[in-house]
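# Coordinate inspection notes
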Amino acid sequence: IKNSFTPREVGEKRIKELQQSLLAQDCYIPWVKQEFSALTRHAQLKSTSSAPDALRDGINRPVGEDQHCWEGYLGDSVEYTWAGLKPVSNVVLIFDSALHLSIQMSHHAGHPRLTEIPEEMVKDFRIEIRTPEGWKLYRQITGNYQRFVRIPIGFAVSGVRATFDSTWGAKKVRLYAFYLE
C-alpha cells in the first residue's frame, strides 16, 4: 500500500523487504533469517554467562534441536557496547514463551492448553544505557508477560545492557534475540 504495489508486484519487487518487515515483528519464515542493523551486527556483544552469539543469528525461536538462544540465570545480563555515541531508536528482546510445548488455543485432541503465563517467560528485567557518565538505569520492567518486547530509546548512547531479575517460575532465562534498531 505504501508504494501502491499490487500483491504480485510486492512478490516480484519487494519480497525481501516484506519478509524482513514480518521478521522484525516476530513472524517466523522458515529458512529466512532476520537481518539486523549495522550497529547490532558490529557492536561488541557479551554476557555474564554463556556465549551470546545466538542472539544475533537471525533465527528467533528453536528450530529442530537447535535452540537459537542465549541461556543464563537470574541476575545475568547481556550487553552491546561500541565506541562513541550512536543513536538507538529501540532495543528489542525476544523471550522464551514455551514454544517447545505443543500448545493449542483450545483443549482439543489431548494437547495442553495455555491457561497462564509460561514459567519460562521473563517477568522482571532492567535496561541500562551507557552514556559518557557511565552505565545508568534506563527502564525497569516488572510483570512482563510478552515474548516480543520493544523498548524505545530515541537518543545516542554507547551501550545497552539487559539484566534479568525474575521469570514466572523457571530458574534459567532464555533469550532468543536482543537487537538494536
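Residues numbered from 1 in each chain as written. Predicted model: local features only at pLDDT ≥ 70, side-chain atom pairs only at ≥ 80, totals over all residues. Heavy atoms only, no water.

## Quick word on a nonpolar patch on the surface
Where nonpolar side chains cluster on the molecular surface, the patch consists of I15, L18 and L22 and spans about 220 Å² of accessible area. Inspection of the secondary structure puts L22 in helix α2 (residues 15-23). (Patch = residues over 30% accessible without salt bridge, like charges linked within 9 Å, V, L, I, M, F, W, Y side chains within 5 Å. Areas by Shrake-Rupley, 256 points an atom, 1.4 Å probe, with all protein chains shown as cover. Salt bridge = Lys/Arg side-chain N within 4 Å of Asp/Glu carboxyl O. Helix = DSSP H or I, 4+ residues; strand = E, 2+ residues; numbered from the N terminus.)

## Quick notes on the packing of aromatic side chains
Counted by the stated rule, this structure contains 6 aromatic pairs. Note on F36 and Y179: the rings are 4.7 Å apart at their centroids and 40° apart in plane angle, and the pair reads as tilted. Taken together, the residues span a long stretch of sequence, with F36 in the loop between α2 and α3 (38-42) and Y179 in strand β7 (residues 172-180) at a distance of 143 residues. Accessibility expressed as a relative area gives 7% for F36, which makes it buried. With a centroid separation of 4.9 Å and 25° between ring planes, the pair formed by Y80 and F178 is classed as stacked. (Phe/Tyr/Trp six-rings, centres within 6.5 Å; stacked < 30°, edge-to-face > 60°. Buried < 20%, exposed > 50% of the residue type's maximum accessible area, 1.4 Å probe, protein only.)

## Concerning the pattern of salt bridges
What the rule picks out here adds up to 13 salt bridges. When the shortest N-O distance is used, the salt bridge between K16 and E35 registers 3.1 Å. Taken together, the positions of K16 in helix α2 and E35 in the loop between α2 and α3 put the pair 19 residues apart, joining distant regions of the chain. R161 serves as the salt-bridge partner of E128, at 3.4 Å between the closest nitrogen and oxygen. Taken together, the positions of E128 in strand β4 (residues 122-131) and R161 in strand β6 (residues 148-167) put the pair 33 residues apart, joining distant regions of the chain. Overall, the relative accessible area of 17% leaves R161 in the buried class. Here the salt bridges share partners, and the residues they tie into one network are K46, E79, E128 and R161.

## Some words on the nonpolar core
Residues W82, L93, F95, F125, F164, L175 and F178 are the most contacted members of the largest nonpolar core, which totals 29 residues. For this core, the secondary structure elements donating two or more residues are β3 (77-95), β4, β6 and β7. Core analysis: the next-biggest nonpolar cluster, separate from the first, contains 8 residues, F36, V92, I94 and F148 among them. (Core = buried A, V, L, I, M, F, W, Y, C linked by side-chain atoms within 4.5 Å.)

## Here's the deal with unusual backbone geometry
Working note: non-glycine residues mostly have negative phi, and peptide bonds are mostly trans. Of note in the backbone geometry, S4 takes a positive phi value of approximately 60° without being a glycine. For S4, the position within the fold is in the segment before α1 (7-13). Classification of S4 as exposed rests on a relative accessible area of 64%. Even without being glycine, W31 reaches a positive phi, approximately 70°. Summarising the element assignment, W31 is placed in the loop between α2 and α3.

## Looking at the layout of surface pockets
Estimates place the volume of the largest pocket at around 230 Å³. Lining the largest pocket are I1, K2, N3, F5, V10, R14, E17, L18, S21, L22 and Q25. Sort the elements by how many residues they give to the lining of the largest pocket and α2 lands first, with 4 residues. When the residues that make up the lining of the largest pocket are grouped by side-chain class, the tally is 5 nonpolar, 3 polar and 3 charged. (1 Å grid on protein atoms, 1.4 Å probe; cavity = no way out; pocket = protein on both sides within 12 Å on 5 of 7 lines; lining within 4 Å. Points joined across faces, edges and corners; volume = space filled by probe spheres on them. Nonpolar A, V, L, I, M, F, W, Y, C, P; charged D, E, K, R; others polar.)

## Let's talk about the environment of E17
With respect to the secondary-structure elements, E17 resides in helix α2. Residue classification places E17 among the partly exposed positions, given a relative accessible area of 40%. On a C-alpha basis, the gap between E17 and Y145 in space is 29 Å, while along the polypeptide they are 128 residues apart.

## Quick word on the pairing of β6
Across the 20 residues that make up β6, a large majority, 14, are buried. Where β4 meets β6, 8 bridges bridge the pair, whose relative direction is antiparallel. Paired with E128 across the two strands is R161, which belongs to β6. (Pairing = 2+ DSSP bridges.)

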